[in-house]
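The lines below spell out each chain.
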Amino acid sequence: MSILINESTRLIVQGITGRDGGFHTRKMLDYGTQIVGGVSPGKGGTHVHDVPVFNTMEQAVKQTNANTSIIFVPARFAADSIMEAADAGIKLIICIAEGIPTLDVVKAYRYVQQKGAQLIGPNCPGLVTPGKSLAGILPAQIFKPGRIGVISRSGTLTYEIVYHLSAAGLGQSTAIGMGGDPVVGLYFIDLLDLFENDPDTDAMVMIGEIGGNAEELAAEHIRKHITKPVVAFIAGQSAPVGKQMGHAGAIISSGSGTAAEKIESLKAAGVLVADEPSQIPELLKSVNLLKTK
Amino acid sequence: MKIHEYQAKDLFSTYGIPVKKHRLCFSVAEAVSAYKDLGEQQVVVKAQVLTGGRGKAGGIKLASNEEDVASKAAQIIGMSIKGYPVEKVLLTEAVNITSEYYVSFAIDRNKKSVLLIMSPEGGVEIETVAVETPDRIFRFNIDPMIGIPDFMARQFAFTMFTSIEQVNQMATIIQKLYRLFIEKDASLAEINPLVQTAEGQLIAIDAKMTFDDNALFRHDEIRALAELTDEEKTEVSAKDKGFSYVSLDGEIGCMVNGAGLAMATMDMIKLYGGSPANFLDIGGSSNPVKVIEAMKLLLSDKRVKVVLINIFGGITRCDDVANGLLEAFKQIETQTPVIVRLTGTNEQEGRALLQNTRFLVAQTMSEATHMAVEIASKS
């Protein structure tokens, strides 16, 4: 088992004829992901890496029975693509694009909700269930199959941490980059619940950063509902107030959203918080030890 | 993107949200002539700076005759509020206030929608109200599909007012402020305080708005209102070149791929006793052109004593990154020590390429950080 994607994931790439779409389609195919189609208006009937291209999501879903889509179109068109996927009946939509206006995401998200679908991103690296399926731009070779669930607001910091995990013999059940924007789809609480109920996940690593209060809410949720061990790392302890640190959502507003507050709430909920990324494997090993005692 | 109070009030006027007459002044003389022009006895002189806490800092003062206006304007123009120099003041008609309220629209990250916040405790920071009297704050999430129809606006207004005259005024303000928020892609539209005058009228006597940077491409009229500090100009020009840069006040320059890893690198420098000179995320690829631009920016900060390059080679392999760095540094002239830490795909090959070159090569983040902190403390 795993969460969200596995060997039966049937993926459509929206924006498959673009540079990034084409490049990552190749990477995902090489990993073994079942890509059943691509969409690019006006390019229907052609092929990219032998994957059939359709003009609309509606056609693509009808003819391929896809259940998941990944969006590589430019930011200005990406919210529309999210809605197109939801309208076509896709149940899991992953949006990689960075720079979509927040209010466009708010609207698209509402539509996704109404259609009973789920959204990951935007401004995210996607997700991977090692050995089974990769839907995103994550570097496949650093992941190893295993029993740790990884949830993150970041991209390369996730890779850094996964790299340490794999090197320490701690493989991953599923690893997800949720996205760095203020408004994104599935978040800490949703994903912690999915991992909690996944029999093949033993423990979770959550990687947070400054901005918002999602880590605090997650801490509260962990205290009440999560029984599996959680280890965390929070980036941005040295970030100044009022400055956006790369990600649109990474900003401390008038003293709230600081790393210190997040770390404090997580610790209060019994979460072990690492001082630096390389500490995470030893912390995980220590909690697993405690659990088996 | 932030704008000034006077700019936000101009937007309010355009959308029919009641504000008092005002005049923008850049000098004492202008303030005096604006006073005559307004023709009101009691006026307020307000510093126009892109930061909060103006009142506490003495940037907002009442005045009731020409001399008074001149002396208050002279006190405020040229003062500095939280590091922002005051270059202009707003002169507005004073209002006979009977009560103060709070109303705003913002983005609710957790509910993933626009949030209306109202409180009968206006005139103080809403964060303070949230801590001290949380039951005096009303929150309503707005469904983007229907917005705020009349009945709903009335329903919201009835939580704050009982008289139908006030309810109707409030409902209209709520709807107009929402329309402004949506049409201009704001991330905050705040009236604090919204006051009730002795005559029973509701008026916005302050106005604060910030906008979504990601949506500025479709709002030239908003972009035109931007007033950037030198620091912000550097940040914007970095963004145009494809990387994010924030200047800090330390000695260790950082260049990292990815925002999260860049923050973690700064944190580790602090943890090990050093201080980062900047946040710099050069993004996914590390092609030589980008590296050259980023290094120019880093080295233009004369406080930088050592540079720490921290790259995780994911899709871009470490050997490609190493070649890119070697290529870039052929064109960069600097004596500043540069530490490179490469991890990820093909890391052995990448590191081998950098051995016996001008770079100091580190294997792990902690090793690289230790090296950087040590060099910075010795030089």
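In this report, the structure presented in the accompanying data block is examined.

Cut-offs applied
- Residues numbered from 1 in each chain as written.
- Chains lettered and ligands numbered in written order.
- Predicted model: local features only at pLDDT ≥ 70, side-chain atom pairs only at ≥ 80, totals over all residues.
- Helix = DSSP H or I, 4+ residues; strand = E, 2+ residues; numbered from the N terminus.
- Rg over C-alpha atoms; globule rule 2.2 N^0.38 Å.
- Buried ≥ 20, exposed ≤ 12 C-beta atoms within 10 Å, placed from the backbone.
- Pairing = 2+ DSSP bridges.
- Contact = placed C-beta atoms within 7 Å.
- Axes fitted to C-alpha atoms, helices over the stretch in contact; angles between N-to-C directions.
- Expected span 1.5 Å × (residues − 1).
- Nonpolar A, V, L, I, M, F, W, Y, C, P; charged D, E, K, R; others polar.
- Arc of directions from axis to C-beta.
- Parallel < 35°, antiparallel > 145°, perpendicular 65-115°, else oblique.
- Left-handed = near helix turned anticlockwise from the far one by under 90°.
- Core = buried A, V, L, I, M, F, W, Y, C linked by C-beta atoms within 7 Å.

## Points about the overall build of chain B
A count of helical and extended segments in chain B gives 13 helices and 18 strands. The globule rule puts the C-alpha radius of gyration for 379 residues at 21 Å, and the 26 Å found for chain B is more than 25% above it. Expressed as a percentage of its 379 residues, the buried residues of chain B come to 44%.

## Let's talk about the sheet that holds strand β3 (residues 47-48) of chain A
All names here are of chain A. Strand order in this open sheet of seven strands is β3-β4-β2-β1-β5-β6-β7, and the pairing throughout is mixed. The open sheet is flanked by β3 and β7 (118-120), the only strands paired with a single partner. Where strand β6 (residues 92-95) meets β7, three bridges bridge the pair, whose relative direction is parallel. Across the sheet, residue I93 finds its bridge partner in β7, namely L119. Sheet strands touched by helix α1 (residues 19-31): β1 (11-14), β2 (35-39), β3 and β4 (51-54). Its angle to β2, the strand with the most contacts, is close to 175°. Running over the sheet, helix α3 (residues 75-87) touches β1, β5 (68-71), β6 and β7 and is turned about 165° from β6.

## Looking at helix α4 (residues 102-114) of chain A
Residues and elements named next belong to chain A. The terminal C-alpha atoms of α4, which comprises 13 residues, lie 19 Å apart, in line with the 18 Å expected from a rise of 1.5 Å per residue. Turning to α4, its buried residues are T102, L103, D104, V105, V106, K107, A108, Y109 and V112. Two residues or fewer after α4 comes G116, characterised by a positive phi angle close to 70°.

## Comments concerning the interface of chain B and chain A
Taken together, the contacts link 44 residues of chain B with 45 residues of chain A. Secondary structure elements with two or more residues in the side of chain B that touches chain A: β8 (113-119), β13 (244-247), α9 (259-271), β15 (278-281), β17 (338-344) and α13 (365-378) of chain B. It is α9(B) that contributes the most residues to the side of chain B that touches chain A, eleven residues altogether. Tallied by class, the residues present in the side of chain B that touches chain A amount to 21 nonpolar, 14 polar and nine charged.

## Brief notes about the pairing of strand β9 (residues 133-136) of chain A
Two elements, strand β8 (residues 126-129) of chain A and β9(A), share four bridges in a ladder whose sense is antiparallel. Paired with A:T129 across the bridge in β9(A) is A:S133.

## Focus: helix α1 (residues 5-14) of chain B
Residues and elements named next belong to chain B. Within α1 the residues assigned to the buried category are E5, A8, K9, L11 and F12. One face of α1 carries all of its buried residues, which in axial projection span an arc of 155°. Following α1 by one or two positions, G16 has its phi on the positive side, about 80°.

## Describing the packing of helix α11 (residues 318-329) of chain B against helix α12 (residues 347-354) of chain B
For any two helices packed against each other, the geometry comes down to the angle between their axes and how far apart the axes lie. Residue and element names in this part refer to chain B. Axis separation between α11 and α12 bottoms out at 7 Å; the angle between their running directions is 20°. Comparing the axis directions of α11 and α12 gives the class roughly parallel. As for the relative orientation of α11 and α12, their crossing is right-handed in sense. In contact with C318, D319, V321, A322, N323 and L326 of α11, α12 contributes E347, E349, G350, L353 and L354. Residues of the contact of α11 with α12, tallied by class, amount to six nonpolar, two polar and three charged.

## Regarding the nonpolar core
Grouped together as the largest cluster of nonpolar side chains are 199 residues, with contacts concentrated most on A:I82, A:I93, B:I174 and B:L280. Dropping the residues within four chain positions of it, B:L280 is found in contact with B:F243, B:Y245, B:C254, B:M255, B:V256, B:A262, B:A294 and B:L298.

## Overview of the sheet that holds β9(A)
Residue and element names in this part refer to chain A. Spatial strand order, β9-β8-β11-β10-β12-β13-β14: seven strands in an open sheet with mixed pairing. Lying at the two open borders of the sheet, with one neighbouring strand each, are β9 and β14 (272-273). In the sheet, strand β10 (residues 145-152) pairs with strand β11 (residues 172-177) via five bridges, with the strands oriented parallel. Note on β11: the bridge partner recorded for P145 is Q172. Across the sheet, helix α8 (residues 259-268) is in contact with β12 (203-209), β13 (230-235) and β14; its angle to β13 comes to roughly 170°.

## Section: the pairing of β8(B)
Residue and element names in this part refer to chain B. Taken together, the seven bridges between strand β7 (residues 97-108) and β8 define a ladder with antiparallel strand orientation. Within β8, the residue paired with A106 across the bridge is L115. Following β7, the chain reverses through four residues before pairing antiparallel with β8; K112 in that reversal takes a positive phi of roughly 60°. Pairing geometry for β8 and strand β9 (residues 138-142), over five bridges, is antiparallel. Along β9, the bridge assignment pairs L115 with N141.

## With respect to the environment of B:L11
Residues and elements named next belong to chain B. Residue placement: L11 occurs in helix α1. Take L11: there are 21 C-beta atoms within 10 Å of it, and that puts it in the buried class. Once the C-alpha coordinates of L11 and R154 are considered, the two residues, 143 residues apart in sequence, prove to be 23 Å apart. The residues contacting L11, other than those within four sequence positions of it, are L180 and M209.

## What about unusual backbone geometry?
Across the junction of A:G121 and A:P122, the peptide omega takes the value 5°, indicating a cis bond. Inspection of the secondary structure assignment puts A:P122 in the loop between β7 and β8. For the peptide bond that leads from B:N192 to B:P193, omega is 5°, which places it in the cis range. As for its placement among the helices and strands, B:P193 is situated in strand β10 (residues 186-197). One non-glycine residue with positive phi stands out, namely A:N65, at about 60°. Mapping A:N65 onto the fold places it in the loop between α2 (57-64) and β5. Owing to 11 C-beta atoms within 10 Å, A:N65 belongs among the exposed residues under this scheme. Of note, A:N123 is a non-glycine position whose phi angle comes to about 60°, a positive value. With 28 C-beta atoms packed within 10 Å, A:N123 lands in the buried category.

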